[in-house]
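The lines below spell out each chain.
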Amino acid sequence: MIIRSCIRCTATRRLQVCRPRILQAKQRRFSTSTPHATNANASSTASMLGAFTNELDRIAPKFEVHGSQIHVLRTPSDFYETLKAKILAAEDQIFLSTLYIGKTEHELISTLQQALRNKPKLKLSILTDALRGTRESPNPSCASLLTPLTEEFGPERVEIRMFHTPNLTGLRKKHIPKRINEGWGLQHMKLYGTDDEIIISGANLSNDYFTNRQDRYHVFSSKEITQHFFKIHDAVSKLSFLVVPDKQNPAGYTLDWPTSNLALSPLSNPKKYITSATLVLNPLIQTSASPSTTLTKSTNPPNTTIYLLSQLTSLLKPDTSTELPLITSILQTLSKPAFTNSSWTFTAGYFNPDPSLTNLLLSTASTNNTIITASPHANGFFGSKGVSGMLPSAYTLLSRRFLESASKAGRAQDITLKEWRRGTVGKPEGWTYHAKGLWVSVNGEKEPSISIVGSSNYTKRSYSLDLEVGTCIVTRDEGLKGRLREERDGLQDYAWKVGMDEFVRTDRRVGIHVRVAMWIVKMVGGAL
């Protein structure tokens, strides 16, 4: 993330006039199986899912919904058009948690202004990262882009907050250059909520994420889920700086620490800040935060469980985060012999999973598994100058090391590595790849019954420095399973298998300078 923040892919936005395309399952052919066989298979699948949920129930808050309440968007333009439409339709509240909003996203700001002007009771809360959101100051920045919203509508209706990590204080903060200082932790959550709906994604709010940077985007139509995530957004906001318009300041704003905040500033007393943050956040992310349920008869009972995930390690002591424990539990369950006939697909644009996850992926019992990662030509730093230009080669080395580990573990035939490429970065029609997540199919089925989506890149950094949120879907709904399959398979429309033969080619060999750069990055914060 340190070096990734140095270069941003740019593209000319194409205005969309069509309605966002929401992924729907393809029409299914009728099975020749007998009703008895079909029922037996469904019962077996339900039993296998129970092996997962029995453990997951102990880890994270959960909400029961219908599969029809979850929609899957496919493209950056779908995401952008859906986001704008939901902002304009909001009646009571809009809350946006993101790493940053691009400093030239004037159309998005105009959409927010239009919504606030049309609905006098509508309130807006935005949470970004302080280091990323102010690094261009006093030149135009995310912070200066947002201050006009507070100026026009007042602090009673608009609140702009910026989180600052407690890991970067004192002499370290004073002397470490901008961009590099982001290696000590960021607000990385992606929550885009309006009234009773929320989009969970890994995408930030900038031009490339709206045009040619592929990510994932799930829309949850649930008041309970939306309000749960709002509570987390609101709590972190009250542990963050307030952006206050200031025309006397060359940057156009100041960062203020209100006395009403729930902790002392992380810059003045990071230890007390973390202690207070733990007291505030811990109750929101534990299983006790699940709604109470009552047993009632229903002709249409829920068929989908949503586990709400958070990784807030830098704010919790002791660390009670739920994402890493939940993914660990899923992969441990998949290691049991009963799940030999299952399969999984794991994706990360920046493929460098936490070592514990790498070991667990290699230990699963299933034999038909896939990893999707960005091709060097789909990495946002392809062709960049300086150290950042080494990143595509660095990820090539990490992918090669994974395949070597798979071979040593005797799993080379069980796991396929695919690289995603759609054109070439920096050239016309060139895209970058930023999707991340996990899909799990059980009992020999092609359709996933389990899927994880969110902001995390599943790296060591994600589990030690940044703030992350996401969801884990466990479903019996055939329509939702079909949509998840189309999402997973659709990403592979632009992905091709690579093996060790690919990595020994001259143009894929990694020089000593890249290895040295990786070591430096690791020493200063583990940006990869």
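Details of the structure are given in the entry above.
Caption draft 1: Structural view of the pairing of strand 10 (residues 217-221). In terms of burial, strand 10 is largely enclosed, as 4 of its 5 residues are buried. As paired elements, strand 3 (residues 70-73) and strand 10 share 4 bridges and run antiparallel to each other. Across the sheet, Val72 pairs through a bridge with His218, a residue of strand 10. As paired strands, strand 8 (residues 197-201) and strand 10 are joined by 5 bridges and run antiparallel to one another. Looking at the pairing, Ser201 lines up with Tyr217 of strand 10.

Caption draft 2: Highlighting helix 13 (residues 478-491). With 14 residues, helix 13 should reach 20 Å at 1.5 Å per residue; the first-to-last C-alpha distance of 20 Å fits that figure. With 10 of 14 residues buried, helix 13 is to be regarded as a mostly interior element. Within helix 13, burial applies to Leu480, Lys481, Gly482, Arg483, Leu484, Glu486, Glu487, Arg488, Gly490 and Leu491. The distance from a side-chain oxygen at the start of helix 13 to the backbone nitrogen of Gly479 is 3.1 Å, and the residue carrying that oxygen is Asp477.

Caption draft 3: Structural context of helix 9 (residues 270-285). Its 16 residues place the ends of helix 9 22 Å apart at the C-alpha level, agreeing with the 22 Å of an ideal helix rising 1.5 Å per residue. The largest bend in helix 9 comes to about 30 degrees, at Leu279, with the proline Pro283 one to four residues further on. Among all positions in helix 9, only Tyr273, Ile274, Ala277, Thr278, Leu281, Leu284 and Ile285 are buried. In this structure, the buried side of helix 9 is in contact with strand 6 (158-163), helix 8 (223-237) and strand 13 (304-311).

Caption draft 4: Main features of the packing of helix 2 (residues 76-89) against helix 3 (residues 106-118). At a minimum axis separation of 8 Å, helix 2 and helix 3 run at an interaxial angle of 20 degrees. Here helix 2 is positioned roughly parallel relative to helix 3, judged by the angle of their axes. Contacts between helix 2 and helix 3 involve Tyr80, Leu83, Lys84, Ile87 and Leu88 on the former and, on the latter, Glu107, Leu108, Thr111, Leu112, Gln114 and Ala115. Partitioned by chemical class, the residues of the contact of helix 2 with helix 3 number 7 nonpolar, 2 polar and 2 charged.

Caption draft 5: The arrangement of unusual backbone geometry in detail. Note the cis peptide between Ser137 and Pro138, where omega equals 5 degrees. When you line up the elements, Pro138 lands in the loop between helix 4 (130-134) and helix 5 (142-153). In this structure, Pro318 follows Lys317 across a cis peptide bond, with omega equal to 5 degrees. In this fold, Pro318 is placed in the loop between strand 13 and helix 10 (323-334). Within the chain, Asp195 stands out as a residue other than glycine whose phi angle is a positive 50 degrees. Checked against the element boundaries, Asp195 lands in the loop between strand 7 (191-194) and strand 8. Judged by its relative accessible area of 17%, Asp195 is buried. With phi around 65 degrees, Tyr458 is a residue other than glycine that occupies positive phi space. Within the secondary structure, Tyr458 sits in the loop between strand 19 (450-454) and strand 20 (468-475). Owing to a relative accessible area of 2%, Tyr458 belongs among the buried residues under this scheme.

Caption draft 6: Examining the packing of aromatic side chains more closely. Scanning the model with the defined rule gives 14 aromatic pairs in all. Aromatic side chains Phe79 and Phe210 sit 6.0 Å apart centroid to centroid with 50 degrees between the ring planes, which places their arrangement in the tilted category. A residue pair is termed long-range when its members are at least 10 positions apart, and Phe79 in helix 2 and Phe210 in helix 7 (residues 207-211) qualify at 131 residues. Each ring, one from Phe95 and one from Phe230, has its centre 5.1 Å from the other, and the planes form 65 degrees; the classification is edge-to-face. With Phe95 in strand 4 (residues 93-97) and Phe230 in helix 8, the pair connects residues that are 135 residues apart, well separated along the chain.

Caption draft 7: Main features of the packing of helix 8 against helix 9. Orientation of helix 8 relative to helix 9, taken along the N-to-C sense of each, is 170 degrees, at an axis distance of 10 Å. It follows that helix 8 is roughly antiparallel to helix 9 by the angle criterion. For the pair formed by helix 8 and helix 9, the contact residues are His228, Lys231, Ile232, Ala235 and Val236 on the first element and Val280, Leu281, Leu284 and Ile285 on the second. Here the contact of helix 8 with helix 9 is composed, by residue class, of 7 nonpolar, 1 polar and 1 charged.

Caption draft 8: Just the pattern of salt bridges, in detail. In total, this model carries 23 salt bridges according to the counting rule given. Between Glu64 and Lys62 there is a salt bridge, and its shortest N-O distance comes to 3.9 Å. Glu64 gets classed as partly exposed once you look at its relative accessible area, which sits at 39%. Residues joined by salt bridges that share partners form a network here, namely Arg132, Arg135, Glu136 and Glu182.

Each value, and the rule that gives it
Residues numbered from 1 in each chain as written. Predicted model: local features only at pLDDT ≥ 70, side-chain atom pairs only at ≥ 80, totals over all residues. Heavy atoms only, no water. Buried < 20%, exposed > 50% of the residue type's maximum accessible area, 1.4 Å probe, protein only. Helix = DSSP H or I, 4+ residues; strand = E, 2+ residues; numbered from the N terminus. Pairing = 2+ DSSP bridges. Expected span 1.5 Å × (residues − 1). Polar contact = N/O pair within 3.5 Å; in protein donor to acceptor, adjacent residues only side chain to side chain. Bend = angle between axes of the 7 residues up to and from the residue. Contact = heavy atoms within 4.5 Å. Axes fitted to C-alpha atoms, helices over the stretch in contact; angles between N-to-C directions. Parallel < 35°, antiparallel > 145°, perpendicular 65-115°, else oblique. Nonpolar A, V, L, I, M, F, W, Y, C, P; charged D, E, K, R; others polar. Phe/Tyr/Trp six-rings, centres within 6.5 Å; stacked < 30°, edge-to-face > 60°. Salt bridge = Lys/Arg side-chain N within 4 Å of Asp/Glu carboxyl O.

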